[in-house]
Amino acid sequence: MQVYLPIAEMAVSPWLMATLGLVVGCLSGIFGVGGGFLMTPLLMLMGIPAPVAVAAGANLAAASSMSSVLGQFERRGVDLRMGLVISIGGIIGVGIGSLLFSWLKSQGAAEATVRIAYTILLGSLGTSLVWESLRAIAKTRAGGPAPSFRRSPNDFAHRLPFKVRFPRSKLVISIIPPLGIGIGVGILSAIMGVGGGFILIPALVYIIHMPPNLVVGTSTLQVLITASATTFLQSAANGSLDLVLSGLLIVGGVMGAQFGVIIGRKLKGEQLRALLGALVLLVALRLAADLVLVPSSLFELSSPGGGL
Amino acid sequence: MMARFSLWMVLLVGLIAGPSVQAQSTQVSAALIDDAVLVTSSFTGAKVTIFGSVRAGSVGRTDIVVAVRGPDRPAWIAKRKRTAGLWIGKDQINFAAAPTFFGVASARPLEQIAPSDTLSLYGLRPKGQLDIAKASTHSPLADTLIDAFVAQRQREKLYVDDPYGVKLLKGGLFRADIQMPDRTPPGLYTAKVMVFRNGRPAQSTLTTLVVTKVGAERALFEFARDHAVLHGLAGVLLALLAGLSAAGIVKRFAPG
């Protein structure tokens with residue numbers, strides 16, 4: 001059985017799409033990320049045009065972060081003020097990124113840019129995750145305490161002007177780093193269809209020095225807002241949101257996310273990060289292979305519809 | 001209904017009027033079984049069937065070629081080149097218009113029917129249908145890229161050349177089947193039936209069909225095109241509601 005996608009103008013298997021949503025949703029539940037960064041490249045590998053894949057990935061990220069943000073609020077794991085400051089930056093970034101994406105599309109460079117950006121981002125992210133978690137595992141094996149990443153609060157986030165108080169995080173820092181991080185994540189979100197959780201979590205830990213119990217909840221809130229903005233703008237500016245595709249992915253995705261949360265509670269933090277890192281590296285390698293190896297076809301061309 | 005009616009008329013006229021027509025002049029009439037292809041949510045492609053009748057002299061050989069051409073849309077192709085170790089599309093050429101679908105059916109290979117310049121002249125070759133954008137005409141790679149474009153679309157079954165797609169039936173009747181894939185975009189399609197007598201075009205007739213999205217597919221497509229803002233909001237709302245209900249269901253059945 002096949003279902004016809006009205007915007008992508010092609011037929012796909014609905015079961016395959018829902019299963020894909022389920023698997024990615026499960027992973028996103030385990031690791032507390034939206035899952036757009038896995039879904040978008042997977043859709044592209046399956047032959048769905050990049051703009052449609054980006055919109056669908058963002059839409060899925062919005063859905064899965066919505067399903068987990070409420071629980072985070074109940075557990076008081078969200079720094080609302082910090083989340084909103086980053087989200088304001090995020091929405092500005094999505095606006096910039098959306099314009100950039102339209103321009104790339106008009107230059108016929110959208111596909112290649114998205115692929116290269118993904119390879120670089122996922123490659124470096126996967127490597128650092130695997131490296132960092134292996135070191136942590138080795139250290140706990142050796143008997144020492146797990147290394148702490150909260151450095152002395154004496155770095156640039158505290159020296160820049162426009163200081164703001166974030167009572168929940170017990171931080172008094174300049175507003176510039178969170179805003180800047182938000183803008184960066186927003187641009188990536190608009191171009192790559194990611195929620196940005198996988199970038200935001202390390203940024204909150206290493207740059208802002210947020211308390212660990214607030215990191216995941218705050219990033220989930222921000223992913224919800226940024227991914228929603230991307231979904232909206234991809235539809236309004238590029239006309240590339242396919243609601244049938246999104247619907248199939250989301251049905252699988254939100255269910256998978258709930259299973260993922262349950263599985264995630266049973267695994268250790270370092271093991272989780274090592275697993276996520278390995279997974280991210282695999283996707284990066286697959287994308288890199290397309291770019292580096294001699295391609296099976298020496299040509300690339302527009303999709304049949306010509307529009308996307 | 002109209003399509004069916006006209007089809008019977010064609011066959012009837014073909015049978016009655018046939019013998020009285022003079023031997024020298026070639027006559028052809030044709031009609032589609034269905035003049036509308038409906039793209040529903042279960043659309044995986046369609047077969048376009050054309051029936052017709054041809055009257056021609058008994059001397060020499062008569063060939064029937066049927067071409068179905070989809071709506072034009074802009075397109076581009078680029079050659080991948082190794083740039084700083086990466087295979088990236090470069091040397092792009094743009095087409096101001098290229099047929100989204102181009103299917104030709106005949107009863108034997110086209111090159112046996114007529115010389116290739118004749119085929120191109122009468123629009124039976126996809127290559128001649130591509131309208132290259134002005135800026136791309138001087139590209140040194142244009143020829144290679146155009147050939148690659150046609151080859152790729154042939155692989156995707158968007159440009160089809162079926163040398164056995166026309167079946168000659170008794171009494172000058174014929175039937176042509178052309179298969180369209182799921183990626184065939186909606187729009188107005190033209191079907192052309194050409195009769196060749198001893199390698200020369202003798203007669204032709206045109207008819208049209210529409211490929212159109214219907215039902216939910218059409219509603220969603222038009223909603224996205226005409227109300228892009230509301231469509232985006234619908235996407236966001238879909239995500240929020242799905243997330244909310246999933247969280248609600250889990251809370252109910254698996255608390256804690």
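Below or above, wherever it landed, is the structure these notes cover. (Residues numbered from 1 in each chain as written. Chains lettered and ligands numbered in written order. Predicted model: local features only at pLDDT ≥ 70, side-chain atom pairs only at ≥ 80, totals over all residues. Heavy atoms only, no water.)

To continue, consider the overall build of chain A. When its secondary structure is counted, chain A shows 11 helices and five strands. Expressed as a percentage of contacts within chain A between residues at least 6 apart in sequence, the contacts between residues at least 24 apart total 77%. Per element, the accessible surface of chain A, about 12200 Å² overall, is 70% carbon and sulfur. (Helix = DSSP H or I, 4+ residues; strand = E, 2+ residues; numbered from the N terminus. Contact = heavy atoms within 4.5 Å. Areas by Shrake-Rupley, 256 points an atom, 1.4 Å probe, with all protein chains shown as cover.)

Residues and elements named next belong to chain A. Here helix α8 (residues 197-208) crosses helix α9 (residues 212-238) at 135°, and the two axes come no closer than 9 Å. Judged by the angle between their axes, α8 and α9 are oblique. In the packing of α8 onto α9, the handedness of the crossing is right-handed. Mapping the contact onto sequence places Gly197, Leu200, Ile201, Leu204 and Val205 in α8 and Val215, Val216, Thr218, Ser219, Gln222 and Val223 in α9. Looking at the contact of α8 with α9 residue by residue, the class counts come to seven nonpolar, four polar and no charged. (Axes fitted to C-alpha atoms, helices over the stretch in contact; angles between N-to-C directions. Parallel < 35°, antiparallel > 145°, perpendicular 65-115°, else oblique. Left-handed = near helix turned anticlockwise from the far one by under 90°. Nonpolar A, V, L, I, M, F, W, Y, C, P; charged D, E, K, R; others polar.)

Our next topic: the sheet that holds strand β12 (residues 187-197) of chain B. Residues and elements named next belong to chain B. Pairing is mixed in the open sheet, where six strands are placed in the order β2-β13-β12-β4-β7-β9. The open sheet has two edge strands with one neighbour each: β2 (36-39) and β9 (159-162). Adjacent strand axes in the sheet meet at a mean angle of 15° when their direction is disregarded. Direction of pairing for strand β4 (residues 62-69) relative to strand β7 (residues 102-106): antiparallel, over a ladder of five bridges. Across the sheet, the residue bridging to Val66 is Ala105, located in β7. (Pairing = 2+ DSSP bridges.)

The subject of this paragraph is the nonpolar core. Counting residues in each nonpolar core, the largest one holds 72 residues, and the members touching the most others are Phe37, Leu43, Leu122 and Leu245 of chain A. For this core, the leading source of residues is helix α3 (residues 50-74) of chain A, giving nine residues. Setting aside residues no more than four positions away along its own chain, Leu245 of chain A makes contact with Leu5, Met17, Leu43, Ile48, Val52 and Ala56 of chain A. Ranked by size, the runner-up nonpolar core spans 27 residues in total, among them Ala46, Ala105, Val166 and Val193 of chain B. (Core = buried A, V, L, I, M, F, W, Y, C linked by side-chain atoms within 4.5 Å. Buried < 20%, exposed > 50% of the residue type's maximum accessible area, 1.4 Å probe, protein only.)

Right, let's get into the pattern of salt bridges. Within the structure shown, the criterion is met by 11 salt bridges over all chains. With a shortest N-O distance of 3.5 Å, Glu111 of chain B and Arg125 of chain B are connected by a salt bridge. Residue Glu111 of chain B is located in helix α2 (residues 110-113), and its partner Arg125 of chain B is located in the loop between α3 (116-121) and β8 (131-132); the two are separated by 14 residues in the primary sequence. Looking at Arg125 of chain B, the relative accessible area reads 22%, which means it is partly exposed. The salt bridge involving Arg175 of chain B is made with Asp177 of chain B; its shortest N-O contact spans 3.0 Å. The class for Arg175 of chain B is partly exposed, based on a relative accessible area of 28%. The buried category is assigned to Asp177 of chain B, whose relative accessible area is 18%. Salt bridges sharing common partners tie together Glu9 of chain A together with Arg73 and Lys213 of chain B. (Salt bridge = Lys/Arg side-chain N within 4 Å of Asp/Glu carboxyl O.)

This paragraph deals with unusual backbone geometry. For Glu9 of chain A, which is not a glycine, the phi torsion comes out positive at approximately 55°. Among the structural elements, Glu9 of chain A can be located in the loop between β1 (3-5) and β2 (10-12). Phi at Asn198 of chain B is positive, roughly 50°, even though this residue is not glycine. Mapped onto the elements of the fold, Asn198 of chain B is located in the loop between β12 and β13 (200-213).

What follows covers the packing of aromatic side chains. Throughout the structure, instances matching the rule amount to five aromatic pairs over all chains. Pairing Tyr4 of chain A with Phe43 of chain B gives two aromatic rings, centres 5.5 Å apart and planes at 80°, and the pair type is edge-to-face. Pair noted here: Tyr4 of chain A is in strand β1 and Phe43 of chain B is in the loop between β2 and β3 (45-55), and the two residues belong to different chains. Across the pair, Phe43 of chain B and Tyr4 of chain A agree in class, each one buried. Each ring, one from Phe95 of chain B and one from Phe149 of chain B, has its centre 4.6 Å from the other, and the planes form 45°; the classification is tilted. (Phe/Tyr/Trp six-rings, centres within 6.5 Å; stacked < 30°, edge-to-face > 60°.)

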